[in-house]
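So you can see what is in the structure, the chains are spelled out below.
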Amino acid sequence: MKMRVGFGYDAHRLTYGRRLVLGGVDIPYEKGLDGHSDADVLLHAIMDALLGAAALGDIGTNFPDTEKAYEGISSLKLLEKVGKKLDDNNYQIINIDSTIVAQKPKLKDYIEDMKRNIADCLGLLARDVSVKATTEEKMGFTGDGTGISSYAVCLIEGK
């Protein structure tokens, strides 16, 4: 069986008047992430890692922001589609490791719900999904509160 590694990254600007959704969890905060869908940077990074590992394009190719159907859509629905796409191409997800980079809000109380959402969406066990959060010590766009970013890596295997 062939093992493949994927890497994903995403970043969105924080803005007033939007919900903050990370890992499919609504996070109480004064700002939300700006984007065509719900702008869930964590799930977007994970989707890009999974698609990249399978050489199936990226999130922009698969779910273009020019498509009205994806406007405001829950990224959990998009992640389900990515999981199905991997399954249709005979890939099995072994594990996912991800990191959210945000100065605020503090995310530790939401991490377990994020992990469960991702695992449930992809038919994985929660122990096969890692979600971490960190700050950049007030440096850069995440440190000054302008935006939030996320990184993800995954391991998949051909069936």
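What you see is a predicted model, and the numbers here were worked out from it, not measured in a lab.

Draft legend 1. How the structure looks around the environment of L14. Mapping L14 onto the fold places it in strand 1 (residues 3-15). For the pair formed by L14 and I148, sequence separation is 134 residues and the distance between their alpha carbons is 7.0 Å. If we skip the residues at most four places from it in the chain, L14 touches L20, Y29, K31, G32, L33, G145, T146, G147 and I148.

Draft legend 2. Region of the structure containing the packing of aromatic side chains. One pass over the full model with this rule turns up three aromatic pairs. Considering the side-chain rings of F7 and Y151, the 6.3 Å spacing of their centres and the 40° angle between planes classify their relative orientation as tilted. Separated by 144 residues along the polypeptide, F7 in strand 1 and Y151 in strand 7 (residues 147-158) bring together distant segments of the chain. Measuring from ring centre to ring centre gives 5.4 Å for F63 and Y70, while their planes differ by 85°; the resulting arrangement is edge-to-face.

Draft legend 3. Quick peek at the sheet that holds strand 5 (residues 91-101). Spatially, 4-1-7-5-6 is the arrangement adopted by the five strands of the open sheet, whose pairing is mixed. Bordering the open sheet on either side are strand 4 (32-33) and strand 6 (129-134), each of which pairs with just one other strand. Pairing analysis gives ten bridges linking strand 5 to strand 7, with the strands arranged antiparallel. When the bridges of strand 7 are listed, Q92 appears paired with E157. Of the strands in this sheet, strand 1, strand 4, strand 5, strand 6 and strand 7 touch helix 1 (residues 41-53), which is tilted by about 155° from strand 1. Sitting on the sheet, helix 4 (residues 111-122) touches strand 5 and strand 6, and the angle it makes with strand 6 is about 145°.

Rules of the game
- Counting of residues starts from 1 at the beginning of each chain's written sequence and follows it residue by residue.
- Side-chain atom pairs in this predicted model are given and counted only at pLDDT of 80 or more, local residue features only at pLDDT of at least 70, and totals for whole chains, interfaces and linings cover all residues.
- The side-chain quantities take in all heavy atoms of the structure and omit both hydrogens and water.
- Helix and strand definitions here come from DSSP, where helices need a minimum of 4 consecutive H or I residues and strands a minimum of 2 consecutive E residues; each element is numbered from the N-terminal end.
- Whether two residues are in contact is decided by their heavy atoms, any of which lying within 4.5 Å being enough.
- The pairing test for Phe, Tyr and Trp rings, Trp by its six-membered ring, is centres within 6.5 Å, and the orientation test on the planes gives stacked under 30 degrees, edge-to-face over 60, and tilted for anything in between.
- At least two bridges found by DSSP between two strands are what make those strands a pair.
- Only the stretch in contact is used when a helix axis is fitted, and all axes are lines through C-alpha atoms; the angle between N-to-C directions ranges over 0 to 180 degrees.

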